[in-house]
Protein chains: 2
Amino acid sequence: MREQLRQLRDVMTGLGIHAYLIPTDDFHGSEYVGDHFKSRAYMSGFTGSAGTLLVMEDMAGLWTDGRYFLQAADQLRNSGITLFKMGEKGVPDIDTYLKKHLKEGMIFGFDGRCMMEDKALGYRKIVEEKGAKMETEMDIVNGFWEDRPEISCRPAWVLPEKYSGMSFADKIGMVREEMEKKGADFFLLASLDDICWLLNVRGDDVAFTPVVMGYLTCTPDEVTWYVQDKALDGKMKEYLKENGILTKEYDQIYEDLSRLPSGTSVLYQPSRTNYALTSCLPEEVRRIRADNPTEILKARKNPTEVENERIAHQKDGTALTRFMYYLKKHAVEAGETEVSLADKLLELRKEQEDYVEDSFSPIIGYGDHGALPHYSADEESDRRIEGKGFLLVDTGGHYLEGSTDTTRTFAMGPLTREEKEMYTAVLRGHINLSMAHFKAGCSGVSLDILARTPLWDLGLDYNHGTGHGVGYLLNVHEGPNAFYYRPSPSRRSDSVFEEGMITSDEPGIYLEGKFGVRLENLIVCLKDPEDSSFLYFEPLTMVPFDREAVLPELMTPKEIAWLNDYHEQVFRAVSPGMPPEEVEWLRTVTEKL
Amino acid sequence: MREQLRQLRDVMTGLGIHAYLIPTDDFHGSEYVGDHFKSRAYMSGFTGSAGTLLVMEDMAGLWTDGRYFLQAADQLRNSGITLFKMGEKGVPDIDTYLKKHLKEGMIFGFDGRCMMEDKALGYRKIVEEKGAKMETEMDIVNGFWEDRPEISCRPAWVLPEKYSGMSFADKIGMVREEMEKKGADFFLLASLDDICWLLNVRGDDVAFTPVVMGYLTCTPDEVTWYVQDKALDGKMKEYLKENGILTKEYDQIYEDLSRLPSGTSVLYQPSRTNYALTSCLPEEVRRIRADNPTEILKARKNPTEVENERIAHQKDGTALTRFMYYLKKHAVEAGETEVSLADKLLELRKEQEDYVEDSFSPIIGYGDHGALPHYSADEESDRRIEGKGFLLVDTGGHYLEGSTDTTRTFAMGPLTREEKEMYTAVLRGHINLSMAHFKAGCSGVSLDILARTPLWDLGLDYNHGTGHGVGYLLNVHEGPNAFYYRPSPSRRSDSVFEEGMITSDEPGIYLEGKFGVRLENLIVCLKDPEDSSFLYFEPLTMVPFDREAVLPELMTPKEIAWLNDYHEQVFRAVSPGMPPEEVEWLRTVTEKL
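Residues numbered from 1 in each chain as written. Chains lettered and ligands numbered in written order. Predicted model: local features only at pLDDT ≥ 70, side-chain atom pairs only at ≥ 80, totals over all residues. Heavy atoms only, no water.

A word on the overall build of chain A
Line of reasoning, step 1. Helix and strand counts for chain A stand at 18 helices and 28 strands.
Line of reasoning, step 2. On C-alpha atoms alone, chain A measures out to a radius of gyration of 25 Å, which is about the 25 Å that the 2.2 N^0.38 rule sets for 593 residues.
Line of reasoning, step 3. If one aligns the C-alpha atoms of chain A with their principal axes, the spans along those axes are about 70 × 55 × 45 Å.
Line of reasoning, step 4. Only carbon and sulfur atoms are counted for the fraction: they give 48% of the accessible area of chain A, which is about 23,900 Å². (Helix = DSSP H or I, 4+ residues; strand = E, 2+ residues; numbered from the N terminus. Rg over C-alpha atoms; globule rule 2.2 N^0.38 Å. Areas by Shrake-Rupley, 256 points an atom, 1.4 Å probe, with all protein chains shown as cover.)

Here it is, written out as structure tokens:
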């Protein structure tokens, strides 16, 4: 049995805790978590990006999803921890497991700071039904994790208005308007991307996400940023002072919340505010549980942001198109592998001015690895590229001018008829959504089907949404906009599209053991200048689709016209940043079909 | 001032009522109401099918929608009643009006039997906010309406299992299963179509709807039908006895509900159960407000019903195609008008075996009348058909084998290029939805866009849903299935499609002052036999589209193939019921494009 598990059980026994849960979350519900927050990995030995550990007296279980079944089985061997494969038939989810195994009088614990309120209230309901108790003010792991990394505290910096397009003063004015509409006199904001958007600051505290650890509170008169003081240099402090933004120490928020005067109306979003925070609120405080008003404001990119995003995508498109050239001309003979190609692409991105960092961990999968939508190559799985079949490349970068997320599937040599048919079907789906001209009021539940129809007609489908919102130099996955025909409370794809929203358009086909095709552009929603009751999408991403994989006879004239026009735009956008011999090549791969 | 208004105010003063509301509804939330329930028309003089009258001491207002602005203005002249044009800019809706004009201590009244609970609770909220009171146990109009018609009491009859496809015993078993799932030990059902579906009975108590006035209650052991005894003949009583269905007098339900033992868990649907009923429930009763389990069960037509519907549509298609022949060959020279053509069509329908009645009031509009989606010709508006332009015909019939609802737009002579372009766009929308091949889990919010895309691409749209569910010899508008991209709590187009659901597919274009095009088939949802995770639609309606109005060069090869295939089916289905010279004609109008 794993030593850490033994230690945890000892402490649990000492504290009288019967069940202890360790999720994979930081204090802010971030998608990626810093090393300080990797308690679950430390405890279990399983290092995948998603998983929840539940420890009881006579069991320990780790729940994770299909991406990690093999890795988790491997890493959990001899640990004394059972793997629960989420989504598999007959495997209970954690809620079901708890409902069965929590008994009256038991104490169920977790660190309330690492659990968003909506989830915590779900557990509380189960606990109450079972007549058990819930203890959420303890981070047990901390007690015996000796070399635990500190909470990240990298320098924060100001994002100038030429990038953000809107001053803090204007943003906070809009937030206060929304507070008034909702009858709130206090707004508690814990999600890092919302805070950074509002303050026009950025940092480097979360992997792939240039944000600053912190909390924010806002009243009609004051804005207070709870932030690690050593993250702020003189220039930043001056900026904050100029804008009337108060600062307090990061941890101070808990005490401050507990002292709110009764009668205060506190607005917060349960899915993005941790349970420890909301547990601090006095009983007499009125809770207004609603979406953070920052979410929708941040999703509607302003004209400056949209114009900047075009620049960011021109830069990123140049890097990716040069990468495509390298793939087509040199990769096979150079003996490149999935992992080495990721390094090559990073190199090309870094050549672009104002590149900040990757916006997520690259997915580069050759052959049947392309059929795993969330594949991440490592030393063990790494594969050398051969002169045939598909290479799927899903990567993105942050620039001062915005963030990218692009997938292309490249022919590395001769393709089978089936490979070409699948590529063409996915391309048609991608194009059909991208071409949409639709009435304001339309949501992603409606639009999604445009991308799926060419696949559904063939009896094919993909088991993920067609697209997600994308932040501006923030989270690569951002709400509320999304494309998905299945409405779900967590996805919110029923939110209607508005001018300025940036969303990915990424249908795919995954044939297990054979190959995968995914084609992804970011598209920005704009108003039809001739009739503003209609909206349409403009592609931001500027990277050629692989003509070698296309069967034009399966496409409609309208789809072919779109593709030809798109390739013309790509040529114009990226050729200026390419050496002459690459431009010649680009001319041929963007030729009209 | 209208005499009735004076009388009403007298009674209101006597009773101390400050505001009295008269909606257009019966005790069952029926779409059409019988003459007994036309209090609003009696009081106001306005005879349109939709409208709500509010009378206060110093005002009387009638709210109605765009269909009736002209008629209402005319009929309300000198009545002392102000017309409130719903949806017009600056015109408050009733809720807003009440919020402004109800004052503390005022008494607001209406007949709780004619108001569904969900709406009544909305009013109660307003009343409470204003510190007013609500009085719902009075039908004031009844006191002075001397010649008020009786509540309809036409004979009820049994629908044999060869039509219904499922015995009462099987249906009640399914309902009880759903009750158990919801933890209900008492189910209160007030919607007439649900009751008739469940009992396998039909009647003739509501216009265009072969239902029987009644209420129903169901416990794990007993089913009681509260029904007018004189509607039941010996045969019906025997059927009820055989099936263990108890009967009580129609009105008795109110008292019975008030005597329910405390602790009973009562299931009912607030939007289909009147407020007087739910007000009778004792305080100690647990209310489970949820959809009537009958709704979804009724919407999933069983295989017998689907097979019958094919027969009903063959009959109705024969009548309509013969009508089309008459239109094309004789209508203009015979001097036909919108009204006379309705009679002609009724005649042709009546020739079909087992025709019961029309399923709604015919919409037959020539020229710019076609641009009014809910046009109903009367003596004054009636127009003679000329040898040009479009005639829009939206009609339907009830048969023992099911119910139809079909719209065709016919060229009555030469068409303009614009008329043909619009027809072709609508036809493409109709076909695209009809061709859908989609994953189970898909709702009408997603599918709707398939019909709209060809119109949206041209900057056109229609201001109504693309389709509604249709009952089997019941309501022509039935839930929960519907096509509409705007999700709304009342429409429920977010309900997912299931095998057996029958829905209309009816996109349109309405050019005010010029013409309208609407094309409607009923389509039944079926499972793909090759992969049951996919669903598709089969057209039930069998009537030619007008090839003279089609521009094939604007259609895709796939759309043309669909149309050719459909016309082949139509020929096979309806030619056997037509005289030889009409069959010859049918052959030409269903020829391949």
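Focus: the pairing of strand β13 (residues 265-268) of chain B
Residue and element names in this part refer to chain B.
Line of reasoning, step 1. Neither face of β13 is open: one carries Ser-265 and Leu-267, the other Val-266 and Tyr-268, and all of them are buried.
Line of reasoning, step 2. In this structure, strand β8 (residues 186-189) lies alongside β13, joined through 2 bridges in parallel fashion. Paired with Phe-186 across the two strands is Val-266, which belongs to β13.
Line of reasoning, step 3. Pairing of β13 with strand β14 (residues 286-289), which is carried by 4 bridges, proceeds in the parallel orientation. In the strand pairing of β14, Tyr-268 is matched with Arg-289.
Line of reasoning, step 4. Chirality of the crossover, the property in question, places the unit of β13, helix α12 (residues 275-280) and β14 among those that are right-handed. (Buried < 20%, exposed > 50% of the residue type's maximum accessible area, 1.4 Å probe, protein only. Pairing = 2+ DSSP bridges. Right-handed = clockwise from strand over helix to strand, strands pointing away.)

Overview of the confidence of the model for chain A
Line of reasoning, step 1. Chain-level statistics for chain A give a pLDDT mean of 96 and a share of 99% at 70 or above.
Line of reasoning, step 2. Interface confidence in the predicted complex, given as ipTM, is 0.91; pTM for the same model is 0.93. (pLDDT = per-residue confidence, 0-100.)

Structural notes on the relation of the copies chain A and chain B
Line of reasoning, step 1. Least-squares fitting of chain A to chain B yields an RMSD of 0.0 Å, with the transformation described by 0.0 Å of translation along the axis and a rotation of 180 degrees. What the rotation and shift describe, once combined, is the action of a two-fold rotation axis. Of every C-alpha in chain A, the one belonging to Ser-446 of chain A sits nearest the axis of rotation, 1.9 Å from it.
Line of reasoning, step 2. When the interface residues of chain A are mapped onto chain B, 100% of them again lie at the interface, so the same face is used by both copies. (Least-squares fit on C-alpha atoms with pLDDT ≥ 70 in both. Contact = heavy atoms within 4.5 Å.)

Brief notes about the nonpolar core
Line of reasoning, step 1. By size, the foremost hydrophobic cluster in this structure holds 152 residues, and its most contacted members are Phe-438, Leu-447 and Phe-537 of chain A together with Phe-438, Leu-447 and Phe-537 of chain B.
Line of reasoning, step 2. With sequence-adjacent residues up to four places away left out, Phe-438 of chain A is seen in contact with Leu-447, Phe-497, Cys-525, Ser-533, Phe-534, Leu-535, Tyr-536 and Phe-537 of chain A together with Trp-456 of chain B. (Core = buried A, V, L, I, M, F, W, Y, C linked by side-chain atoms within 4.5 Å.)

With respect to helix α15 (residues 338-350) of chain B
All names here are of chain B.
Line of reasoning, step 1. Counted at 1.5 Å a residue, the expected span for α15 with its 13 residues is 18 Å, and the 19 Å between its end C-alpha atoms agrees.
Line of reasoning, step 2. Where α15 is concerned, the buried positions are Glu-338, Leu-341, Lys-344, Leu-345, Leu-348 and Arg-349. All buried residues of α15 lie within an arc of 140 degrees about the axis, which places them on one face of the element. (Expected span 1.5 Å × (residues − 1). Arc of directions from axis to C-beta.)

Some points on the sheet that holds strand β19 (residues 402-403) of chain B
Residues and elements named next belong to chain B.
Line of reasoning, step 1. Here we have 3 strands laid out as an open sheet, ordered β15-β18-β19, and antiparallel in their pairing. With one partner strand each, in any of the chains shown, β15 (355-358) and β19 form the two edges of the open sheet.
Line of reasoning, step 2. Relative to strand β18 (residues 397-399), β15 is paired through 3 bridges, and the arrangement is antiparallel. Note that in β18 the partner of Glu-357 across the bridge is His-398.
Line of reasoning, step 3. With respect to the sheet, α15 is in contact with β15 and β18, its orientation differing from that of β15 by roughly 160 degrees. (Axes fitted to C-alpha atoms, helices over the stretch in contact; angles between N-to-C directions.)

Description of the interface of chain A and chain B
How big an interface is tends to be stated in terms of the accessible area lost upon association of its parts.
Line of reasoning, step 1. Taken together, the contacts link 23 residues of chain A with 23 residues of chain B.
Line of reasoning, step 2. For the pair chain A and chain B, the summed buried area comes to about 1,900 Å², and 60% of that belongs to carbon and sulfur atoms.
Line of reasoning, step 3. Taken together, the connections running from chain A to chain B amount to 2 salt bridges.
Line of reasoning, step 4. The partner of Asp-457 of chain B in a salt bridge is Lys-558 of chain A, and the shortest N-O contact between them spans 2.9 Å. (Buried area = accessible area lost by both parts, 1.4 Å probe. Salt bridge = Lys/Arg side-chain N within 4 Å of Asp/Glu carboxyl O.)

Here's the deal with the sheet that holds strand β1 (residues 19-22) of chain A
All names here are of chain A.
Line of reasoning, step 1. Overall, mixed pairing links the 6 strands, which are arranged β4-β3-β2-β1-β5-β6 in an open sheet. At either margin of the open sheet sits one strand with a lone partner, and together these are β4 (82-85) and β6 (133-135). When strand polarity is set aside, the average angle formed by the axes of neighbouring strands in this sheet is 20 degrees.
Line of reasoning, step 2. Across 4 bridges, the pairing between strand β3 (residues 60-64) and β4 is parallel. From the neighbouring strand, Thr-64 faces β4, where its bridge partner is Lys-85.
Line of reasoning, step 3. Docked against the sheet, helix α1 (residues 3-15) engages β1, β2 (52-56) and β3, running at close to 55 degrees with respect to β2.
Line of reasoning, step 4. Against the sheet, helix α5 (residues 117-129) contacts β1, β5 (107-109) and β6, and its axis sits at roughly 145 degrees relative to β6.

Looking at the packing of aromatic side chains
In this description, an aromatic ring pair is defined by two values, namely the gap between the centres and the angle between the planes.
Line of reasoning, step 1. Inspection of the entire model under this criterion finds 54 aromatic pairs over all chains.
Line of reasoning, step 2. An angle of 70 degrees between the planes, with centres 5.6 Å apart, marks the rings of Trp-63 of chain A and Tyr-97 of chain A as edge-to-face. Linking Trp-63 of chain A in strand β3 with Tyr-97 of chain A in helix α4 (residues 94-101), this pair joins segments that are 34 residues apart in sequence.
Line of reasoning, step 3. Chaining the aromatic ring pairs together yields one cluster made of Phe-108, Phe-110, Tyr-123 and Tyr-275 of chain A.
Line of reasoning, step 4. Across the ring face of Phe-534 of chain A, the terminal group of Lys-439 of chain A is positioned such that the distance to the ring centre comes to 4.7 Å.
Line of reasoning, step 5. Its guanidinium or amino end placed over the ring of Phe-545 of chain B, Arg-408 of chain B lies 3.9 Å from that ring's centre, counting from NZ or CZ. (Phe/Tyr/Trp six-rings, centres within 6.5 Å; stacked < 30°, edge-to-face > 60°. Lys NZ or Arg CZ within 6 Å of the ring centre and 35° of its normal.)

Thoughts on unusual backbone geometry
Across the chain, the bulk of peptide bonds are trans and the bulk of non-glycine residues have phi less than zero.
Line of reasoning, step 1. A cis amide bond, omega 0 degrees, links Gly-479 of chain A with the succeeding residue Pro-480 of chain A.
Line of reasoning, step 2. Mapped onto the fold, Pro-480 of chain A is located in strand β23 (residues 478-483).
Line of reasoning, step 3. Residue Asp-354 of chain A is not a glycine yet carries a positive backbone phi of 65 degrees.
Line of reasoning, step 4. Inspection of the secondary structure assignment puts Asp-354 of chain A in the loop between α14 (338-350) and β15 (355-358).
Line of reasoning, step 5. Phi at Asn-78 of chain B takes a positive value of approximately 65 degrees, unusual for a residue other than glycine.
Line of reasoning, step 6. Its place among the elements puts Asn-78 of chain B in the loop between α3 (69-75) and β4 (82-85).

Considering the pattern of salt bridges
Line of reasoning, step 1. Under the definition given, this model contains 88 salt bridges over all chains.
Line of reasoning, step 2. Within this structure, Asp-111, Arg-113, Asp-139 and Arg-148 of chain A form a network of salt bridges that share partners.

Considering helix α17 (residues 557-574) of chain A
Residue and element names in this part refer to chain A.
Line of reasoning, step 1. With 18 residues, α17 extends 26 Å between its outermost C-alpha atoms, agreeing within 8% with the 26 Å of an ideal straight helix rising 1.5 Å per residue.
Line of reasoning, step 2. Of all the positions in α17, only Glu-559, Ile-560, Trp-562, Leu-563, Asn-564, Tyr-566, His-567, Val-570, Phe-571, Ala-573 and Val-574 are classed as buried.
Line of reasoning, step 3. Buried residues in α17 make contact with α13 (303-331), β20 (406-411), α15 (417-434), β27 (521-527), β28 (534-539) and α18 (580-589).

Things to note about the side chain of Thr-64 of chain B
All names here are of chain B.
Line of reasoning, step 1. The topology assignment puts Thr-64 in strand β3 (residues 60-64).
Line of reasoning, step 2. The exposure class assigned to Thr-64 is buried, which follows from its relative accessible area of 1%.
Line of reasoning, step 3. A polar side-chain atom of Thr-64 sits 2.7 Å from the main-chain carbonyl oxygen of Ala-50. (Polar contact = N/O pair within 3.5 Å; in protein donor to acceptor, adjacent residues only side chain to side chain.)

Some words on the packing of helix α16 (residues 417-434) of chain B against helix α18 (residues 557-574) of chain B
Residues and elements named next belong to chain B.
Line of reasoning, step 1. It is at 10 Å that the axes of α16 and α18 come closest, and there the two elements cross at 80 degrees. When the axes of α16 and α18 are compared, the pair comes out roughly perpendicular. Contact residues: Leu-427, Arg-428, His-430, Ile-431, Asn-432 and Ser-434 in α16; Glu-559, Trp-562 and Leu-563 in α18. (Parallel < 35°, antiparallel > 145°, perpendicular 65-115°, else oblique.)

Thoughts on the environment of Tyr-275 of chain B
All names here are of chain B.
Line of reasoning, step 1. In this structure, Tyr-275 sits in helix α12.
Line of reasoning, step 2. In this structure, the C-alpha to C-alpha distance between Tyr-275 and Cys-114, residues 161 residues apart in sequence, is 7.8 Å.
Line of reasoning, step 3. Beyond its immediate chain neighbours, meaning those up to four positions away, Tyr-275 contacts Phe-110, Gly-112, Met-115, Met-116, Glu-117, Ala-120, Leu-121, Arg-124, Met-134 and Thr-136.
Line of reasoning, step 4. Of the polar contacts made by the side chain of Tyr-275, one reaches the side chain of Arg-124; its length is 3.3 Å.

Here's the deal with the packing of α17 of chain A against α18 of chain A
Residues and elements named next belong to chain A.
Line of reasoning, step 1. For the pair α17 and α18, interaxial distance at closest approach is 10 Å and the crossing angle is 170 degrees. Overall, the two elements α17 and α18 adopt an arrangement that is roughly antiparallel. Along the contact surface, α17 presents His-567, Phe-571 and Val-574, while α18 presents Val-583, Leu-586, Arg-587 and Val-589.
Line of reasoning, step 2. Classifying every residue of the contact of α17 with α18 gives 5 nonpolar, 1 polar and 1 charged. (Nonpolar A, V, L, I, M, F, W, Y, C, P; charged D, E, K, R; others polar.)

Notes on the environment of Thr-404 of chain A
All names here are of chain A.
Line of reasoning, step 1. Inspection of the secondary structure assignment puts Thr-404 in the loop between β19 (402-403) and β20.
Line of reasoning, step 2. With 95 residues separating them in the primary sequence, Thr-404 and Glu-309 have C-alpha atoms 8.3 Å apart.
Line of reasoning, step 3. Here Thr-404 is in contact with Ala-312, His-313, Asp-316, Arg-349, Ser-359, Phe-360, Gly-396, Gly-397, Tyr-399, Val-476 and Leu-522, once residues within four sequence places are set aside.

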